[in-house]
Amino acid sequence: MQVAENISYKPPVVIIYKTRADYSKYVPVTLSDDKMSITNYPDPKDVFYNGKLAYPTALKKGFWLDNRGINANTAFIKMTYDEYSKLGSAPTAENLYKMILDKDPVTEIYNLGSRYRFKDEVSEINQLIENNSLGQFKKLK
């Protein structure tokens, strides 16, 4: 038996964020740095997390816990998770770009590290938010 030497394992990370408006029901896409094109978007089968639609989890002080893949270049399209999940196939990146609600909706975003560090994820993250303890984590925007 051979063991692969260059395999690295990255545990899932906890991303929390705030947006200019409530986009929690809308599907996120990733824009290029110049916000002129979409670089990543989900297949309709990929808008689920643990068997349910991947809506973010509401946290304290307007933060959301990401369950889909939010980053500093995220935008949201006019389709809800429910509507998008029922499509037979994903629209083209060009058509999705025309559906963007806001090209720069994310106002704050933090990487809290490994998802495995939390036993009661929502409760513990809300405690960090309440205690103004987010400064110890990597701020992405």
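Just above sits the structure.
Presented here is an overview of the structure given in this document. Model, not experiment: these values are computed from the prediction.

Before going further, it helps to examine the environment of L53. Note on placement: L53 falls in strand β5 (residues 52-53). Each C-alpha atom, one on L53 and one on T80, is 10.0 Å from the other, the two residues being 27 residues apart in sequence. Dropping the residues within four chain positions of it, L53 is found in contact with V47, F48, Y81, D82 and S85.

The next subject is empty space enclosed by the protein. For the structure shown, the criterion picks out one cavity of 30 Å³ or more. In this model, the largest cavity occupies a volume close to 40 Å³. The wall of the largest cavity is formed by Y17, Y23, S24, Y26, A54, P56, D66, N67, R68, I70, F76 and Y81. Residue composition of the lining of the largest cavity, by class: eight nonpolar, two polar and two charged.

Membership of the largest hydrophobic core comes to 15 residues, with the highest contact counts inside it found for V27, I38, I77, Y84, L96 and I100. Among the elements of the structure, β2 (26-31), β8 (74-80), α1 (81-85) and α2 (93-98) are those that each provide at least two residues to this core. Counting residues in each nonpolar core, the second largest holds 13 residues, with V14, L112, I125 and F137 among its members.

So, on to the pattern of salt bridges. For the coordinates displayed, the defined rule picks out seven salt bridges. One network of salt bridges, with partners in common, ties together R20, D102, D104 and K141.

As a further point, take unusual backbone geometry. Of note, K61 is a non-glycine position whose phi angle comes to about 55°, a positive value. Within the fold, K61 resides in the loop between β6 (57-58) and β7 (64-65). At N132, a residue that is not glycine, the phi angle is positive and equals roughly 55°. Position of N132 relative to the elements: it lies in the loop between α3 (121-130) and β11 (138-139). We classify N132 as exposed; its relative accessible area is 63%.

Calculation rules
Residues numbered from 1 in each chain as written. Predicted model: local features only at pLDDT ≥ 70, side-chain atom pairs only at ≥ 80, totals over all residues. Heavy atoms only, no water. Helix = DSSP H or I, 4+ residues; strand = E, 2+ residues; numbered from the N terminus. Contact = heavy atoms within 4.5 Å. 1 Å grid on protein atoms, 1.4 Å probe; cavity = no way out; pocket = protein on both sides within 12 Å on 5 of 7 lines; lining within 4 Å. Points joined across faces, edges and corners; volume = space filled by probe spheres on them. Nonpolar A, V, L, I, M, F, W, Y, C, P; charged D, E, K, R; others polar. Core = buried A, V, L, I, M, F, W, Y, C linked by side-chain atoms within 4.5 Å. Buried < 20%, exposed > 50% of the residue type's maximum accessible area, 1.4 Å probe, protein only. Salt bridge = Lys/Arg side-chain N within 4 Å of Asp/Glu carboxyl O.

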